[in-house]
Amino acid sequence: MSSYFSWLHRAVRFDPGLRLLRGTAVTTAAMLAAYGSALLIEHFADLRVDVVVQAVVLAATAARVQLAADRYDRLLGLAVLPAAAAGAAEIGRLMTLHPNAADALFTLGTALAVWLRRFGPRAARGGGLLVLPLVALLVMPPDAGPAADHAHTLWVALIAVVSGAWVALFQAAAVRTGLVPAPLRAPAPEPAPEPNPEPEARRRPDVHTRMALQMAGAVGGAFVAGRAVWPDHWAWVVLTAFIVCSGARGRGDVLFKGLQRAVGAAAGTVVATAVAGSFGPHEDAAVVLIFAVLALATWLRELSYAYWAGCVTAVLSLLYGWFGQSSDDLLRTRLAAIGLGAAVGIAASWLILPLRTRDVLRRRTADALAALTELLGSPGGDRPALLRGRARFAYGAGQLELLARPLRAERRALGLAGRLPGGAPSTHPHRADVVDAVAACEAPLGVLVDGAVADPALWSDPRVARLNRAVAANSAAVRRAIGRRPGPAYQGIRARIPQQSGAAPAGSPEQLRMLTALLAVDDALGTMAAVFGDPPPAEAGEVEEAGIS
């Protein structure tokens, strides 16, 4: 019991203010509304039960894709989702008639969804909606109903409209009532100089094209391997390969996600197999449990991907049991298929034009520092520029945080290895420290912006302005180190400030807060400089040291 309360305390601590839990309640309400609507449509139109499963899957997944959508994105989603659902329904029908052609179309659809990200956030959300009905195809157990005809496609499109509308309605109502905060749509940072690429890297396609090719290789390979080994259960291999490659942010992220997917899915399958035996086919209690586990998966996804993978796999096991397929007989097959799918996804990401984690880290850190430099260079009286700079930095820090999990896991593993007999603890900063350092800048930057907005004279105070210029110079130095461009190296400011023992720092409390915040930012820049090293030496006469007094 104590371990349960310990886990619950950790879960609540990861979600301060229960913001994610409130968002989960909104998503669950949308799923239940979509489920009830689909049941009515299925009953009166005498449709296959797969439309009900599709409605729930689309509501659950669209809620995440549309989380930061504005009204225009939601209108676009209501147009894209039914069209994509109709196309997926035709691909599903084709799978029984011409499976090779259907597999090729499915693979192209998933690759296209990834490639669209190159055209900006709105196109990325459209691509995310485009692929959701394809994922829903993989959830349905084989032989769940008779083969559908073309008329069924129109009903599938209607179900997609209903699911998307419920998601939009509940999310908009939750924001309007204050149940969940309004999504932050911060502008992206201004482009930073690209790190000097290696000669062979200059000839490679852009990042999103490479990710699309990786997705095509993973899904296409999973189709071939799955159909060859398990002709009746190939969908598990394809689904796992797709999940592992979806949203990959470098080789380390793919490997980490693949391992979490395998471990979480194995645990979820074993637990669900034991529980599913308590329910017979088509029992209502199993449906209630499915929704409860889906809600838990939605909430715990930010805590650990393994929890999400385990819960979703448990839902699939319960769903198969609802359709009358024995979970005990499929346990080993499901676990083996998940392992094979994870291996295919990892192999595709590592072998097909791979994205190195260190390159992604350098790129996103440079973007965040570009926003930092822009913020520090904003005029003190220009309130919109200050707020815009803070928003751009927060956006950059958020993008960098997406890399954090595999990097922090690597740091923990190295720390544990260093404590083993014969191991030597590392004294060099780890790449994960860069993510932590960028995140540590957000609070002091908030102090700076709030102080400058409340009293613009503080920003132009001689001491604050001088320290501001020095921190901006160090930010530029770290960016040069990232891009391997010559110029002055980072020079820690705190060590160069004359120490006055026993004397209280001079200045008003507001000035001291601004100065302390700037020093905190510079300390974080020092951590980044320790990871990325110094830039190449500058030419004679280029070095200019900011004065500190």
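Quantities reported herein were computed from a predicted structural model and do not represent experimental measurements. (Residues numbered from 1 in each chain as written. Predicted model: local features only at pLDDT ≥ 70, side-chain atom pairs only at ≥ 80, totals over all residues. Heavy atoms only, no water.)

### So, the overall build of the chain
Piece 1. Within the chain one finds 21 helices and zero strands.
Piece 2. When the 549 residues of the chain are sorted by exposure, 46% land in the buried category.
Piece 3. Within the structure as shown, the chain displays about 25800 Å² of accessible surface, and the carbon and sulfur contribution to it stands at 63%. (Helix = DSSP H or I, 4+ residues; strand = E, 2+ residues; numbered from the N terminus. Buried < 20%, exposed > 50% of the residue type's maximum accessible area, 1.4 Å probe, protein only. Areas by Shrake-Rupley, 256 points an atom, 1.4 Å probe, with all protein chains shown as cover.)

### With respect to a nonpolar patch on the surface
Piece 1. Where nonpolar side chains cluster on the molecular surface, the patch consists of Leu-255, Leu-259, Trp-350 and Leu-351 and spans about 410 Å² of accessible area.
Piece 2. Broken down by secondary-structure element, the contributors of at least two residues to the nonpolar patch are helix H10 (251-276) and helix H13 (327-351).
Piece 3. You can see Leu-255 is positioned in helix H10.
Piece 4. Assessed through its relative accessible area of 34%, Leu-255 is described here as partly exposed. (Patch = residues over 30% accessible without salt bridge, like charges linked within 9 Å, V, L, I, M, F, W, Y side chains within 5 Å. Salt bridge = Lys/Arg side-chain N within 4 Å of Asp/Glu carboxyl O.)

### Quick word on the side chain of Gln-54
Piece 1. Mapping Gln-54 onto the fold places it in helix H3 (residues 50-65).
Piece 2. Residue Gln-54 is classed as buried on the basis of its relative accessible area, which comes to 9%.
Piece 3. Sequence-distant contacts of Gln-54, defined by excluding residues within four places in its chain, comprise Ala-85, Ala-136, Val-156 and Ile-159. (Contact = heavy atoms within 4.5 Å.)

### As for the environment of Ala-476
Piece 1. Relative to the elements of secondary structure, Ala-476 occurs in helix H20 (residues 462-483).
Piece 2. With relative accessibility at 22%, the residue Ala-476 sits in the partly exposed group.
Piece 3. For the pair Ala-476 and Ala-489, spaced 13 residues apart in sequence, the C-alpha separation works out to 9.0 Å.

### Topic: the side chain of Ser-163
Piece 1. Structurally, Ser-163 can be placed in helix H7 (residues 150-177).
Piece 2. We classify Ser-163 as buried; its relative accessible area is 1%.
Piece 3. If we ignore the near neighbours within four places in the chain, the residues touching Ser-163 are Ala-34, Ala-55, Leu-58 and Ala-59.

### Quick look at the packing of helix H6 (residues 121-139) against helix H9 (residues 234-245)
Piece 1. Close contact between H6 and H9 brings their axes to 9 Å; oriented N to C, the two are set at 145°. Counting all contacts with H6, which are made through Val-131, Val-135 and Leu-138, the residues of H9 involved are Trp-234, Ala-235, Val-238, Leu-239 and Phe-242.
Piece 2. The class makeup of the residues in the contact of H6 with H9 is eight nonpolar, no polar and no charged. (Axes fitted to C-alpha atoms, helices over the stretch in contact; angles between N-to-C directions. Nonpolar A, V, L, I, M, F, W, Y, C, P; charged D, E, K, R; others polar.)

### Re the pattern of salt bridges
Piece 1. Scanning the model with the defined rule gives 17 salt bridges in all.
Piece 2. The residue Asp-450 makes a salt bridge to Arg-390 at a minimum N-O spacing of 3.2 Å. Of this pair, Asp-450 sits in helix H18 (residues 442-454) while Arg-390 is found in helix H15 (residues 383-401), placing the two residues 60 residues apart along the sequence.
Piece 3. Each member of the salt-bridge network shares a partner with another, and the members are Glu-401, Arg-408, Arg-411, Asp-433 and Asp-436.

### Structural notes on the nonpolar core
Piece 1. Among the nonpolar cores identified, the biggest contains 135 residues, and Phe-106, Phe-393 and Met-528 are the most heavily contacted of them.
Piece 2. Excluding anything up to four places from it in sequence, Phe-393 contacts Ala-368, Ala-371, Leu-372, Val-438, Cys-441, Glu-442 and Leu-445.
Piece 3. Grouped together as the second largest cluster of nonpolar side chains are five residues, Val-244, Ala-248, Ala-342 and Ile-346 included. (Core = buried A, V, L, I, M, F, W, Y, C linked by side-chain atoms within 4.5 Å.)

### Here we look at helix H12 (residues 305-322)
Piece 1. If you check H12, its first and last C-alpha atoms are 26 Å apart, about what 18 residues at 1.5 Å a residue would give, namely 26 Å.
Piece 2. In terms of burial, H12 is largely enclosed, as 16 of its 18 residues are buried.
Piece 3. Just downstream of H12, Gly-324 is the residue with a positive phi angle, here 90°. (Expected span 1.5 Å × (residues − 1).)

### Topic: the packing of aromatic side chains
Piece 1. Summed over all chains, the structure comprises six aromatic pairs.
Piece 2. Measuring from ring centre to ring centre gives 5.3 Å for Phe-106 and Phe-223, while their planes differ by 80°; the resulting arrangement is edge-to-face. On the criterion of sequence distance, the pair formed by Phe-106 in helix H5 (residues 99-115) and Phe-223 in helix H8 (residues 207-229) is long-range, its members being 117 residues apart. Residues Phe-106 and Phe-223 agree in their burial class; the two are buried.
Piece 3. Judged by centre distance (5.7 Å) and plane angle (35°), the ring pair of Trp-166 and Phe-170 falls under tilted. Of the two residues, Trp-166 and Phe-170 are both situated in helix H7; the distance of four residues between them amounts to about one turn of the helix.
Piece 4. Taking the relative accessible area as the measure of exposure, Trp-166 reaches 27% and is therefore partly exposed.
Piece 5. An aromatic cluster is defined as three or more aromatic residues linked by ring pairs; in this entry it consists of Phe-106, Phe-223 and Trp-234. (Phe/Tyr/Trp six-rings, centres within 6.5 Å; stacked < 30°, edge-to-face > 60°.)

### Considering the environment of Glu-410
Piece 1. With respect to the helices, strands and loops of the structure, Glu-410 is situated in helix H16 (residues 404-419).
Piece 2. With relative accessibility at 32%, the residue Glu-410 sits in the partly exposed group.
Piece 3. For the pair Glu-410 and His-430, spaced 20 residues apart in the sequence, the C-alpha separation amounts to 9.0 Å.
Piece 4. Glu-410 has contacts with His-430 and Arg-431, leaving out every residue within four places of it along the chain.
Piece 5. Here the side chain of Glu-410 touches Arg-431 through a polar contact of 3.0 Å, side chain to side chain. (Polar contact = N/O pair within 3.5 Å; in protein donor to acceptor, adjacent residues only side chain to side chain.)

### Some details on unusual backbone geometry
Piece 1. Although it is not a glycine, Asp-46 sits at a positive phi angle of roughly 55°.
Piece 2. For Asp-46, the position within the fold is in the loop between helix H2 (19-45) and H3.
Piece 3. The backbone phi angle of Arg-484 is positive, close to 55°, even though this residue is not glycine.
Piece 4. One can find Arg-484 in the loop between H20 and helix H21 (509-532).
Piece 5. Given a relative accessible area of 34%, Arg-484 falls into the partly exposed group.

### Focus on the packing of helix H11 (residues 284-300) against H12
Helix packing geometry: the angle between the two helix axes and the distance between the axes.
Piece 1. Running from N to C, H11 and H12 cross one another at 165°; their axes reach a closest spacing of 8 Å. Comparing the axis directions of H11 and H12 gives the class roughly antiparallel. Every pair of crossing elements has a handedness; the one defined by H11 and H12 is left-handed. Residues Ala-286, Val-287, Leu-289, Ile-290, Val-293, Leu-294, Leu-296, Ala-297 and Leu-300 of H11 lie in contact with H12, whose contacting residues are Tyr-307, Trp-308, Cys-311, Val-312, Ala-314, Val-315, Leu-318, Leu-319 and Trp-322.
Piece 2. Per-class residue counts for the contact of H11 with H12 are 18 nonpolar, no polar and no charged. (Parallel < 35°, antiparallel > 145°, perpendicular 65-115°, else oblique. Left-handed = near helix turned anticlockwise from the far one by under 90°.)

### Considerations on the confidence of the model for the chain
Piece 1. Put simply, the chain has an average pLDDT of 83, and 86% of its residues get 70 or more.
Piece 2. Confidence scores differ between elements of the chain, with helix H1 (residues 2-14) showing the lowest mean pLDDT of 57 and H5 the highest of 95.
Piece 3. Contacts of residues 188-195 to residues separated by more than four positions or lying in other chains number 26 contacts, the stretch itself having pLDDT below 50.
Piece 4. Low pLDDT, under 50, characterises residues 540-549; the stretch is placed with 15 contacts to residues that sit more than four places away or in other chains. (pLDDT = per-residue confidence, 0-100.)

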